[in-house]
Amino acid sequence: MATPTLKVDIFHSLRNLQFVDRDSVKPNGYNPNHVLKQNMELLKQSILSNGFCFPIVIRPDFTIIDGFHRWCVAGEEPIRTMTGGKIPVVIVEHADKIDDVAGTIAFNRARGEHLLDPMENIVQSLLKEGYQVNEITKKLGMSKEELYRLSNVSREEFLRIMAKDNRYNEAQKI
């Protein structure tokens, strides 16, 4: 049986692995993942024992999509000196902000624990920016119920938001 041809080069990011100054990379303002202090120490020890096994994923403007905690420990001694202040990165360019946010959440969802307040802020921000409920639920891997709970709006307001998602032509409005 023939292997299907990939339409997208899923190795593109890895082929463009770069080593950049850690201080030129910046955190995003929406990461909902929380890691305990002892787990940060474990991450630091892992890097010291195993090296950097995973690059930090960044946008073209050098904002972190995934790898915030690796970026943090890379700034601590002795790692900072051992790396000469450099970190491994891959640059991922998304067409839209929601894809950056979705990337962060997708990378982190199975790791650590998402804090309620940052997740609420993300959902509310995306709704305020005009993203459709169906797009947010699909990109962030959430149910509409979960999105509703995180939106902190009334049931009626959420139904209005969902209704705006449904585009009707004149014939459908009758």
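If you're wondering where the values come from, they're calculated on a predicted model, not measured in any experiment.

**Q** Before we move on, can you summarise the overall build of the chain with the specific residues and values?
**A** Within the chain, the secondary structure is distributed over 10 helices and 6 strands. By residue count, 34% of the 174 residues in the chain fall in the buried class. A separation threshold of at least 6 residues defines the contact pool for the chain, and within that pool the share at least 24 residues apart is 76%. For the chain, the exposed surface amounts to about 11100 Å²; the carbon and sulfur share of it is 55%.

**Q** Give me the lowdown on the side chain of arginine 70, citing residues and values where you can.
**A** If you trace the backbone, arginine 70 turns up in helix α3 (residues 68-74). For arginine 70, a relative accessible area of 11% gives the class buried. A polar contact is formed between the side chain of arginine 70 and the backbone oxygen of phenylalanine 54, at a distance of 3.2 Å. A distance of 3.4 Å separates a polar atom in the side chain of arginine 70 from a polar atom in the side chain of aspartate 66. In this structure arginine 70 touches Leu43, Ile47, Phe52, Phe54, Pro55 and Ile56, once residues within four positions along its chain are discounted.

**Q** Kindly report on the nonpolar core, identifying the contributing residues and their values.
**A** Within the largest apolar cluster, 19 residues are counted, with the highest numbers of intra-cluster contacts made by Val101, Ile122, Leu126, Ile136, Leu140, Met142 and Leu147. If one sorts the elements of this core by residue count, helix α6 (residues 116-128) sits on top with 5 residues. Once you skip the residues sitting within four places of it in the chain, leucine 147 turns out to touch Val123, Val133, Ile136, Thr137, Met142 and Phe158. Met40, Ile58, Ala74 and Val89 belong to the second-largest nonpolar core, a separate cluster that totals 13 residues.

**Q** Lay out helix α2 (residues 37-50) with the relevant residues and their values.
**A** Its 14 residues place the ends of α2 20 Å apart at the C-alpha level, agreeing with the 20 Å of an ideal helix rising 1.5 Å per residue. For α2, the full list of buried residues reads Met40, Lys44 and Ile47. Down the axis of α2, the buried side of the element spans an arc of 60°, and every buried residue falls inside it. Looking at α2, the residues exposed on the side facing more than 90 degrees away from the buried face are Gln38, Leu42, Ser49 and Asn50.

**Q** Break down the packing of aromatic side chains for me, citing the residues and quoting the values.
**A** Following the criterion strictly, the structure yields 2 aromatic pairs and no others. Between the NZ or CZ atom of arginine 22 and the centre of the ring of tryptophan 71, over which it lies, the distance is 3.9 Å.

**Q** Residues and numbers for the packing of α6 against helix α8 (residues 144-151), please.
**A** When two helices pack together, their arrangement is captured by the angle between the axes and the distance separating the axes. At their nearest, the axes of α6 and α8 sit 8 Å apart, and the two run at 100° to each other. With respect to their mutual orientation, α6 and α8 come out roughly perpendicular. Two secondary-structure elements touch here, α6 through Leu116, Met119, Glu120, Val123, Gln124 and Leu127 and α8 through Leu147, Leu150 and Ser151. Classifying every residue of the contact of α6 with α8 by side-chain character gives 6 nonpolar, 2 polar and 1 charged.

**Q** Give me the lowdown on α8, citing residues and values where you can.
**A** Of all the positions in α8, only Leu147, Leu150 and Ser151 are classed as buried. Summarising the axial view, the buried residues of α8 lie within an arc of 105°, below the 170-degree limit, and thus occupy one face. Asparagine 152 occupies a position one or two residues after α8 and carries a positive phi of about 55°.

**Q** Talk me through the side chain of glutamate 120; I want residue IDs and the actual numbers.
**A** With respect to the secondary-structure elements, glutamate 120 resides in helix α6. No salt bridge forms around the buried glutamate 120; measuring N to O, its nearest opposite-charge neighbour arginine 149 is 9.1 Å away. Side-chain polar atoms of glutamate 120 contact the side chain of asparagine 152, separated by 3.4 Å. In contact with glutamate 120, other than residues within four places in its own chain, are Leu150 and Asn152.

Conventions used here
- Residues numbered from 1 in each chain as written.
- Predicted model: local features only at pLDDT ≥ 70, side-chain atom pairs only at ≥ 80, totals over all residues.
- Heavy atoms only, no water.
- Helix = DSSP H or I, 4+ residues; strand = E, 2+ residues; numbered from the N terminus.
- Buried < 20%, exposed > 50% of the residue type's maximum accessible area, 1.4 Å probe, protein only.
- Contact = heavy atoms within 4.5 Å.
- Areas by Shrake-Rupley, 256 points an atom, 1.4 Å probe, with all protein chains shown as cover.
- Polar contact = N/O pair within 3.5 Å; in protein donor to acceptor, adjacent residues only side chain to side chain.
- Core = buried A, V, L, I, M, F, W, Y, C linked by side-chain atoms within 4.5 Å.
- Expected span 1.5 Å × (residues − 1).
- Arc of directions from axis to C-beta.
- Phe/Tyr/Trp six-rings, centres within 6.5 Å; stacked < 30°, edge-to-face > 60°.
- Lys NZ or Arg CZ within 6 Å of the ring centre and 35° of its normal.
- Axes fitted to C-alpha atoms, helices over the stretch in contact; angles between N-to-C directions.
- Parallel < 35°, antiparallel > 145°, perpendicular 65-115°, else oblique.
- Nonpolar A, V, L, I, M, F, W, Y, C, P; charged D, E, K, R; others polar.
- Lys, Arg positive; Asp, Glu negative; His and termini not counted.
- Salt bridge = Lys/Arg side-chain N within 4 Å of Asp/Glu carboxyl O.

All we've got here are geometric facts, nothing functional implied.
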